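Okay, here's what each chain looks like letter by letter:
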Amino acid sequence: MTPRTHDLARARRTHAGPDIWCEDLVRIHRTEGIEVQALQGLNLTVEAGEVVALVGASGSGKSTLLNILSGLDTPTGGRARVAGEDLTAMGRRQRVDFRRHSVGFVFQQTSRNLLPFLSAAENVALPMVIAGRGRREERAGLLLDLLDVADCADRRPGSLSGGQQQRVAIATALANAPSVLLADEPTGELDEVHSAQVLDAMRAAATELDTTVLIVTHDPMVSGHVARTVQIRDGRTSTEVLRHTVADGDGVREVVEEYSVIDRTGRVQLPAEHVAALQLHDRVRIHRESDHVGVWPGEPATPPAPRHGTQEES
Ligand SMILES: Nc1ncnc2c1ncn2[C@@H]1O[C@H](COP(=O)(O)OP(=O)(O)OP(=O)(O)O)[C@@H](O)[C@H]1O
């Protein structure tokens, strides 16, 4: 901790277990008699202090999930807990409290995050005014310092660059020391250099304040800046990419491993490229070997003989 930020209040958790937990989450949107199942039994667990990117094609259900996790929307089915709060059983007052204290939110549009007629410091202080928090000016200054935009404190958003505005927006979202920070395409309007700077600043602030972060993004670059990337496909989590640094006889290197997600009932979504390459459709044959499971196209009718060590793993 730097000397200036050592007295910044960090997230305070009174719950045990993960900060984000969803089980079999379903959300059906109904408009003009048409039903769209945006989330189709989604499972996701994010432990306290993790920084996770959520990626997926347009329409895969990312914004729907974020709206539920931030308490703006309610699921049609399944269960969800964020910062220890059961999102399916919250009353109106509890929901207001949850949005004020337990979660912070950063939108893609820089103009949506900040009030244009307030300075950066006043924007950061505003959620603390609403929550009745003391020592606001001091905390606002420390947060702006933590996000490396202390020099912008007296400037209004309109005179700041997109990257500076997003840093101020992150400071604002962290004002009341939430356990969870949800960010919807926070780098969507920034170029690569500024995106990287904003992500690094967000990650550093999250570590300092012990905040759990979920970043929804289309930007593949974001994955390179986080240890865990969860892919959502057709309203379900399908694959996860984990990155970690290994130091061994060959030196220090980054190891990237991709996993398919398996749910409680044993469902696995095969990666789309495997499905296409092997022309898997309608039904497949599955064989268990001693240490893995093989998946074969449904044709021909005779099951293949096991070929140890050469099968495509699911
Ligand atoms: N309010 C709504 N009414 C009807 N359908 C909706 C509504 N919101 C979302 N949908 C539908 O639900 C599905 C998931 O949408 P969602 O916005 O969650 O996806 P997304 O992954 O965030 O997409 P994008 O990356 O384009 O923002 C889509 O088919 C979308 O058309």
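Since we're looking at a predicted model, the values are computed, not measured.

Asker: Would you explain the sheet that holds strand β8 (residues 212-217) in this entry?
Answerer: The strands making up a sheet associate through backbone hydrogen bonding, with each pair oriented either parallel or antiparallel. Taken together, the seven strands give an open sheet; going across it, the order is β6-β7-β8-β3-β9-β10-β11, and neighbouring strands pair in mixed fashion. In this open sheet, the two strands that pair with only one neighbour each are β6 (103-106) and β11 (251-260). Recorded for the sheet is a direction-independent mean angle of 20° between the axes of neighbouring strands. In the sheet, strand β7 (residues 180-184) pairs with β8 via five bridges, with the strands oriented parallel. By the bridge assignment for β8, Ala183 is matched with Ile215. Against the sheet, helix α6 (residues 162-173) engages β6 and β7, with an angle of about 165° to β6.

Asker: For this particular structure, what's the right way to read helix α2 (residues 92-102)?
Answerer: Buried within α2 are the following residues: Arg95, Phe98 and Ser102. Along α2, the residues classed as buried sweep out an arc of 80° about the axis, all on the same side. What points out from α2, more than 90 degrees from its buried face, is the exposed set Arg92 and Arg93. Looking at the buried positions of α2, the neighbouring elements they touch are α1 (62-69), β4 (77-82), β5 (85-86), β6 and β7.

Asker: I'm lost on the environment of Val168 in this one. Help?
Answerer: Counting through the fold element by element, Val168 comes out in helix α6. Judged by its relative accessible area of 1%, Val168 is buried. Setting aside residues no more than four positions away along its own chain, Val168 makes contact with Leu114, Ala120, Val124, Leu144, Val149 and Leu160.

What counts, and where the lines are drawn
- Residues numbered from 1 in each chain as written.
- Predicted model: local features only at pLDDT ≥ 70, side-chain atom pairs only at ≥ 80, totals over all residues.
- Heavy atoms only, no water.
- Pairing = 2+ DSSP bridges.
- Helix = DSSP H or I, 4+ residues; strand = E, 2+ residues; numbered from the N terminus.
- Axes fitted to C-alpha atoms, helices over the stretch in contact; angles between N-to-C directions.
- Contact = heavy atoms within 4.5 Å.
- Buried < 20%, exposed > 50% of the residue type's maximum accessible area, 1.4 Å probe, protein only.
- Arc of directions from axis to C-beta.

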